[in-house]
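Residue strings, one per chain:
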Amino acid sequence: MSNLSWLDAVKWDDKGLVTAIAQDKHSQRIMMVANVNRESLQLTADTGIAHYWSRSRNRLWKKGEESGHLQKVHEIRLDCDGDVVLLVIDQDGGIACHTGRESCFYRKLDDGDWQTVDPVLKDPASIYAKPHGH
């Protein structure tokens, strides 16, 4: 059994979660932000594939389980306060967002309005059998 004390250094919130940021290893772009709990972070470390906790579905979520767009994890980092985890990843298929875009951060504030600035790379209907959110 491996030593899991590294998980104790994480400052979990009252629901047992912390914010996790997925950043592309090569472009440095922030791909998405989600939550992890102890189990999903342990699975991520053990498998090298990003696992999150879905608050909307109230269950463990292996990124790419439906879309096939897995995130291969190169590094797991913890911020200075211990309450944010950074996953440095390779994004399978180059698509992290369920909208079919590279990144979930595809809207930019421009002159008081949110403008979509990134194209859809793949139609979500062709990625997912049934529609869903994060």
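A brief structural summary. Because the structure is a prediction, the values reported are computed rather than measured.

Focus on the overall build of the protein
Within the protein, the secondary structure is distributed over three helices and eight strands. Starting at the N terminus, the α and β elements of the protein follow one another as α-β-β-α-β-β-β-β-β-β-α. At 15 Å, the protein has a C-alpha radius of gyration in line with the 14 Å of a compact globule built from 134 residues. Projecting the C-alpha coordinates of the protein onto the three principal axes gives extents of approximately 45 × 35 × 30 Å. Considering only residue pairs separated by 6 or more positions, the protein has 44% of its internal contacts joining residues 24 or more positions apart.

Topic: the pattern of salt bridges
Tallying each qualifying case throughout the model produces eight salt bridges. One salt bridge in this structure joins D92 and K72, with 2.8 Å as the shortest N-O distance. In this pair, D92 is assigned in the loop between β6 (84-91) and β7 (107-110) and K72 in strand β5 (residues 71-78), connecting sequence segments 20 residues apart. A residue is classified by how much of its surface remains accessible, and K72, at 37% relative accessible area, is partly exposed. It is possible to trace a salt-bridge network through shared partners that takes in R57, R59, E65 and E66.

A short note on the packing of aromatic side chains
On inspection of all chains with the given rule, the structure shows one aromatic pair. Ring plane angle 40° and centroid distance 5.2 Å describe the contact between Y52 and W61, whose orientation is recorded as tilted. Classification of Y52 by relative accessible area gives buried; the value is 0%. The class of W61 is buried, set by a relative accessible area of 7%. Geometry around Y106 places R101 over its ring, the cationic atom sitting 4.0 Å from the centre.

Comments concerning unusual backbone geometry
Residues other than glycine seldom take positive phi values, yet Q28 does so here, at roughly 70°. For Q28, the location among the structural elements is in the loop between β1 (18-24) and β2 (30-36). The exposure class of Q28 is partly exposed, given its relative accessible area of 48%. Phi is positive for D111, which is not a glycine, with a value near 55°. You can see D111 is positioned in the loop between β7 and β8 (113-116). For D111, a relative accessible area of 79% corresponds to the exposed category.

Topic: the side chain of R101
With respect to the secondary-structure elements, R101 resides in the loop between β6 and β7. Of the side chains bearing the opposite charge, D118 lies closest to the buried R101, which forms no salt bridge; the N-O distance is 6.5 Å. Polar side-chain contacts of R101 include one of 3.0 Å to the backbone oxygen of D118. Excluding its chain neighbours within four sequence positions, the residues that come into contact with R101 are I95, A96, Y106, T116, D118, P119, V120 and L121.

Parameters at a glance
- Residues numbered from 1 in each chain as written.
- Predicted model: local features only at pLDDT ≥ 70, side-chain atom pairs only at ≥ 80, totals over all residues.
- Heavy atoms only, no water.
- Helix = DSSP H or I, 4+ residues; strand = E, 2+ residues; numbered from the N terminus.
- Rg over C-alpha atoms; globule rule 2.2 N^0.38 Å.
- Contact = heavy atoms within 4.5 Å.
- Salt bridge = Lys/Arg side-chain N within 4 Å of Asp/Glu carboxyl O.
- Buried < 20%, exposed > 50% of the residue type's maximum accessible area, 1.4 Å probe, protein only.
- Phe/Tyr/Trp six-rings, centres within 6.5 Å; stacked < 30°, edge-to-face > 60°.
- Lys NZ or Arg CZ within 6 Å of the ring centre and 35° of its normal.
- Lys, Arg positive; Asp, Glu negative; His and termini not counted.
- Polar contact = N/O pair within 3.5 Å; in protein donor to acceptor, adjacent residues only side chain to side chain.

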